[in-house]
Amino acid sequence: MRKLLNKLLIKFGILITKAPTLLADHSLTTSELIPAELTEKVKVTEATGTPDNELFRIFSGDTNVHKWHHYFDIYSRHFERFRDRPIRMLEIGVFRGGSLRMWKEFFHPDSIIVGIDIDKSCAAHEIADQNVFVRIGSQADPNFLAEVNGEFGPFDIILDDGSHKTHHQIVSFGALFRPALKDGGCYMVEDMHTNYWLKHVDSPETFIEISKQMIDMLHEPYFDRKETNFRHGHSEALKEVELSYLSANLDGIYFHDSIVVFDKKKRDLPKSELR
Ligand SMILES: C[S@@+](CC[C@H](N)C(=O)[O-])C[C@H]1O[C@@H](n2cnc3c(N)ncnc32)[C@H](O)[C@@H]1O
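Residues numbered from 1 in each chain as written. Predicted model: local features only at pLDDT ≥ 70, side-chain atom pairs only at ≥ 80, totals over all residues.

Asks: It is not clear to me how the sheet that holds strand β6 (residues 250–256) should be interpreted in this structure. Could you clarify?
Replies: Strands pair in a sheet through their backbones, by hydrogen bonds, and they do so in one of two ways: parallel or antiparallel. Spatial ordering of the open sheet is given by β3-β2-β1-β4-β5-β7-β6, a layout of 7 strands whose pairing is mixed. Across the chains shown, the open sheet's two edge strands, defined by having one partner strand only, are β3 (132–136) and β6. Adjacent strand axes in the sheet meet at a mean angle of 15 degrees, parallel and antiparallel pairs treated alike. Taken together, the 5 bridges between strand β5 (residues 181–190) and strand β7 (residues 259–264) define a ladder with antiparallel strand orientation. Paired with Tyr187 across the bridge in β7 is Phe262. Across the sheet, helix α8 (residues 166–180) is in contact with β1 (88–92), β4 (155–160), β5 and β7; its angle to β5 comes to roughly 165 degrees. (Pairing = 2+ DSSP bridges. Helix = DSSP H or I, 4+ residues; strand = E, 2+ residues; numbered from the N terminus. Axes fitted to C-alpha atoms, helices over the stretch in contact; angles between N-to-C directions. Contact = placed C-beta atoms within 7 Å.)

This is the structure in structure tokens:
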């Protein structure tokens, strides 16, 4: 009932920021096929240590950055491969500039780090002589995003740490993934837990819901086809197929606690081999 009411409110554009006081947040619904051993409640205790990696040490040296501790291992896992050369990074959400400075220190010194934010005061965090740039505008404005891409892109890494509104996350991904992210690049959206907090949900489907649909798109080559269509040397093997752009340029999607990562890579047709 509450879910239906939420949907109606979103549909008629009246989901207001005070909605959580009015409506319940997301509830967990799981398939009955998931074994009871896996859905049984078990205790999870508070973290006692801190992440043991270089990025966390850099983070600890700056007072103007807000990050969840468990993100540092995830950043290290996905960003390490970009460290040995100058890259271009776009971060949505500047706040006090701490994360821009953190990325500047973490990546190759000749890298270009660009932050965008809707708050004009964030312009003060630009350090142009160190290739740290800030542009003011909304992540929900495709024209602004195209301008930023025209000036600094395409990017190796795009990190969405902006408004955390589901509609904004969807618009930014739609406007940036194709034109503004390089082949081999990485698009990361963080604070995805906000997709389960109603005050951030302002679209009929959340970003995490459409990310799950993109898992199906990753497997689009196999729809209505059979294994022999991909088998090396087989008479039924396909030479060419038409796929959606996302499917044809997606290497993988990674779901972590509160972070979704899309690795971009132009794909060949999958090939199987029977030896
Ligand atoms: C979570 S803070 C960013 C934190 C920063 N990346 C860090 O790690 O310290 C979110 C930022 O998004 C900005 N923001 C809110 N709505 C926005 C929008 N529509 N477009 C761009 N930035 C937005 C806010 O002004 C705020 O500075």
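Asks: Can you help me understand unusual backbone geometry in this one?
Replies: Most peptide bonds take the trans form, and the phi angle of most residues other than glycine is negative. Here the amide bond leading from Gly153 into Pro154 is cis, since omega sits at -5 degrees, within 30 degrees of zero. Relative to the helices and strands, Pro154 resides in the loop between α7 (142–152) and β4. A positive phi angle is found at Phe95, which is not glycine, with a value near 55 degrees. By secondary structure assignment, the location of Phe95 is in the loop between β1 and α6 (98–106). Positive phi is not limited to glycine here, since Asp224 has a value of about 60 degrees. With respect to the element layout, Asp224 can be found in the loop between α9 (207–218) and α10 (245–248).

Don't take any of this as a statement about function, it's just geometry.
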